[in-house]
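# Structural overview for review
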Amino acid sequence: LKYRFEARRRAGAGRARRPRLGKMKQPRGTTAFPAAWVALLFGVAAASAAEPAPGGTHNHRQLRQHRSHRMLNARAGSDASAAVDAPPVNDDNMLATQKAILFNEIDCQGNGTAFTSSANEFLPQFKPFVGNLWSVRMCGKGTFFFFSSPDMQTLSTLGHVTRCGKEVEKHIDHCQCVNLPEETRVLVQSISLQYC
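An account of the accompanying structure is given in this report. Worth saying up front: this structure is predicted, and the values here are computed from it rather than measured.

Definitions and cut-offs
Residues numbered from 1 in each chain as written. Predicted model: local features only at pLDDT ≥ 70, side-chain atom pairs only at ≥ 80, totals over all residues. Heavy atoms only, no water. Helix = DSSP H or I, 4+ residues; strand = E, 2+ residues; numbered from the N terminus. Buried < 20%, exposed > 50% of the residue type's maximum accessible area, 1.4 Å probe, protein only. Pairing = 2+ DSSP bridges. Axes fitted to C-alpha atoms, helices over the stretch in contact; angles between N-to-C directions. Disulfide = S-S within 2.5 Å. Core = buried A, V, L, I, M, F, W, Y, C linked by side-chain atoms within 4.5 Å. Contact = heavy atoms within 4.5 Å.

A word on unusual backbone geometry. Even without being a glycine, Asp-107 presents a positive backbone phi close to 60 degrees. Turning to its location among the elements, Asp-107 is positioned in the loop between strand E1 (98-103) and strand E2 (113-115). The class of Asp-107 is partly exposed, set by a relative accessible area of 44%.

Across the sheet, 4 strands lie side by side as E2-E1-E4-E7; this open sheet has antiparallel pairing. With partners counted over all chains shown, the strands left at the sheet margins are E2 and strand E7 (175-179), one partner each. Pairs of neighbouring strands in the sheet enclose a mean axial angle of 25 degrees, with direction left out of account. Across 5 bridges, strand E4 (residues 135-140) lies against E7 in antiparallel orientation. Along E7, the bridge assignment pairs Met-138 with Gln-176.

With that out of the way, let us pick up the state of the cysteines. Taken as a whole and judged by the stated rule, the model has 3 disulfides. Sulfur-sulfur distance for the disulfide between Cys-108 and Cys-177 comes to 2.0 Å. Judged by the sign of its S-S torsion, about 105 degrees, the cystine formed by Cys-108 and Cys-177 is right-handed. Linking Cys-108 in the loop between E1 and E2 with Cys-177 in strand E7, this pair joins segments that are 69 residues apart in sequence. Among the residues examined, Cys-108 registers a relative accessible area of 7% and is labelled buried. When its relative accessible area of 36% is taken as the criterion, Cys-177 is described as partly exposed. The disulfide partner of Cys-164 is Cys-196, and the gap between their sulfur atoms is 2.0 Å. The chirality of the disulfide connecting Cys-164 with Cys-196 is left-handed, given an S-S dihedral of about -90 degrees.

On to the nonpolar core, then. In terms of nonpolar packing, the biggest core is built from 16 residues, with Leu-102, Phe-126, Leu-133, Phe-144 and Ile-191 touching the most fellow members. For this core, the secondary structure elements donating two or more residues are E1, E4, strand E5 (142-147) and strand E8 (190-194). Dropping the residues within four chain positions of it, Ile-191 is found in contact with Leu-102, Phe-115, Ser-118, Ala-119, Phe-126, Leu-133, Phe-144, Phe-145, Phe-146, Phe-147 and Met-152.

Moving on, we come to the sheet that holds E5. An order of E3-E8-E5-E6 is seen for the 4 strands of this open sheet, with the pairing classed as antiparallel. Looking along the sheet, the strands with just one partner apiece sit at the ends: strand E3 (119-120) and strand E6 (157-163). Here E5 runs beside E8; their pairing, made up of 5 bridges, is antiparallel. From the neighbouring strand, Phe-144 faces E8, where its bridge partner is Leu-193.

Written out as structure tokens, the structure is:
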């Protein structure tokens, strides 16, 4: 038996042994990174993500409301500054207005009735002029149309009185009297006022 053991020992001395995995040593210059460190780092990252942003504990809805309020305030400030910078209203930039005074006689004689918008027989003030419009005093700046139908269709246009152009005053006090043609005086059913 002693002879056999010595022979096996000598035979195995020439072969390299395989190292056992359980007894492997860590190479020098490297450090082990245990699973406990990984769990600790993940825990710190999760805690930092759960913490509120510095300066308050606003949630996303409050932050959106705050941003929208800031945008509205900025827009209101720009509108206010634009209103302050706008030039005052004068004769050059004022909105042109118009007025038509209707008469049952020529040359705008007798009693007249003023209109500042469209009218037909359904308006009580216009009933005296249905089929009986002789003249019109056009004031301001715009165009006066008269029609042979109550619904003011384009094909029923009998004529118009126009006060447009740079030379025409915008003031409602500046007027012009025009007599309607004889053949259209008894056909008028509606009128309309339009901007230039």
